[in-house]
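Structural features, examined
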Amino acid sequence: MSEMDDLAAFAVLIEAGSFTLAAQQLGCSKGQLSKRISQLEAQFSVVLLHRTTRRLNLTAAGAALLPQAQALVIQVDRARQALARLKDDVAGPVRMTVPVSLGETFFDGLLLEFSRQYPQVQVEVDLSNNYRDLARDGFDLAVRSEVANDERLVAKPLLAWHEMTCASPAYLEQYGEPLTPAELVGHRCLLNSHYSGREEWLYHQQHELLRVRVDGTFASNHYNLLKKAALVGAGIARLPSYLLQVELADGRLRWLLRDYQTRSMPMYLVHPYQGGLPRRTQVLADYLVGWFKRNGEALDRL
């Protein structure tokens with residue numbers, strides 16, 4: 001134990017009036033407490049108290065030291081209270097990093113719905129598809145599709161999104177609607193340049209893997225740009241389900257090849273390991289979980 005711990009034990013002992021009560025309050029044995037007082041006396045080369053069977057009598061040195069020891073206990077208690085208030089206070093900064101297209105999707109709700117409910121929480125959103133070291137870079141939360149085996153991090157499943165094949169009604173009216181993956185051949189497809197095999201689209205049906213070689217005149221590594229191209233009728237796109245709830249619901253895009261399965265990807269809400277999240281971080285985490293749940297339920301109703 002440190003000298004500060006021994007000083008605090010001394011203050012608790014005098015307040016309790018007996019080694020038995022003080023040891024109970026400190027969660028140690030009478031022998032351990034007696035040893036700590038002896039260590040404190042040895043440290044200062046003084047006798048702090050005379051021990052009798054009925055009471056503890058302070059020496060002049062003990063009486064001089066007691067106010068300082070009591071002040072230390074008060075300061076520690078104030079520090080604990082300050083930290084507890086900080087943890088429970090729904091105010092202050094929260095930094096999170098999320099993939100670009102995902103952050104753009106829930107940004108409106110974050111800016112309006114969440115900020116209205118928690119006006120004192122200052123949210124900083126880092127939109128990046130690059131890996132961020134949360135501890136080193138000072139982030140409180142992250143949304144990730146992959147979770148490294150890192151004991152410093154806690155990961156909670158957020159959603160499992162899948163790619164949806166979609167096109168605008170205007171495009172389908174002009175070029176027709178493909179009813180099977182094979183009929184994608186000859187259509188104008190919007191390609192994701194992030195993937196090396198962007199011209200090969202995979203589908204599953206009844207445990208059968210279907211590979212389709214597609215062509216297109218436009219490619220991008222940005223999901224929202226591909227969605228904009230699909231909305232103006234430039235072609236057929238494969239986009240994450242979390243991006244499409246509004247456009248599918250209002251009819252600006254139509255979901256094609258619904259009977260064929262496409263790849264599914266998990267997403268996780270990640271934060272650095274700690275005893276408990278500050279309240280301002282927890283409410284933002286809860287908001288994100290709720291947003292994705294509502295988004296998934298809306299897609300299920302389509």
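The structure this text deals with has already been given above.
The structure reproduced in this document is the subject of the present report. Computed from a predicted model, the values in this text were never measured in an experiment.

Another point: the side chain of S101. Relative to the helices and strands, S101 resides in helix α5 (residues 100-117). Here the side chain of S101 touches Y242 through a polar contact of 2.9 Å, side chain to side chain.

With five of seven residues buried, strand β3 (residues 92-98) is to be regarded as a mostly interior element. With seven bridges joining them, β3 and strand β4 (residues 121-127) adopt parallel strand pairing. The residue of β4 that forms the bridge with T97 is D126. In this region the chain leaves β3, passes through α5 and returns to the parallel neighbour β4; the handedness of that crossover is right-handed. Both β3 and strand β5 (residues 141-144) contribute to a ladder of two bridges, which runs parallel. Across the sheet, M96 pairs through a bridge with L141, a residue of β5.

What follows deals with the packing of aromatic side chains. Applying the stated criterion across every chain yields a total of six aromatic pairs. Between F114 and Y287 the ring centres are 5.5 Å apart and the planes differ by 55°, which places this aromatic pair in the tilted class. Of the two residues, F114 sits in helix α5 while Y287 sits in helix α10 (residues 279-300), which places them 173 residues apart along the sequence. The class for F114 is buried, based on a relative accessible area of 0%. Using a relative accessible area of 8% as the deciding quantity, one classes Y287 as buried. Ring plane angle 80° and centroid distance 6.4 Å describe the contact between W161 and Y223, whose orientation is recorded as edge-to-face. Linking W161 in strand β6 (residues 153-167) with Y223 in helix α8 (residues 223-231), this pair joins segments that are 62 residues apart in sequence. Accessibility expressed as a relative area gives 5% for W161, which makes it buried.

What counts, and at which threshold
- Residues numbered from 1 in each chain as written.
- Predicted model: local features only at pLDDT ≥ 70, side-chain atom pairs only at ≥ 80, totals over all residues.
- Heavy atoms only, no water.
- Helix = DSSP H or I, 4+ residues; strand = E, 2+ residues; numbered from the N terminus.
- Polar contact = N/O pair within 3.5 Å; in protein donor to acceptor, adjacent residues only side chain to side chain.
- Buried < 20%, exposed > 50% of the residue type's maximum accessible area, 1.4 Å probe, protein only.
- Pairing = 2+ DSSP bridges.
- Right-handed = clockwise from strand over helix to strand, strands pointing away.
- Phe/Tyr/Trp six-rings, centres within 6.5 Å; stacked < 30°, edge-to-face > 60°.

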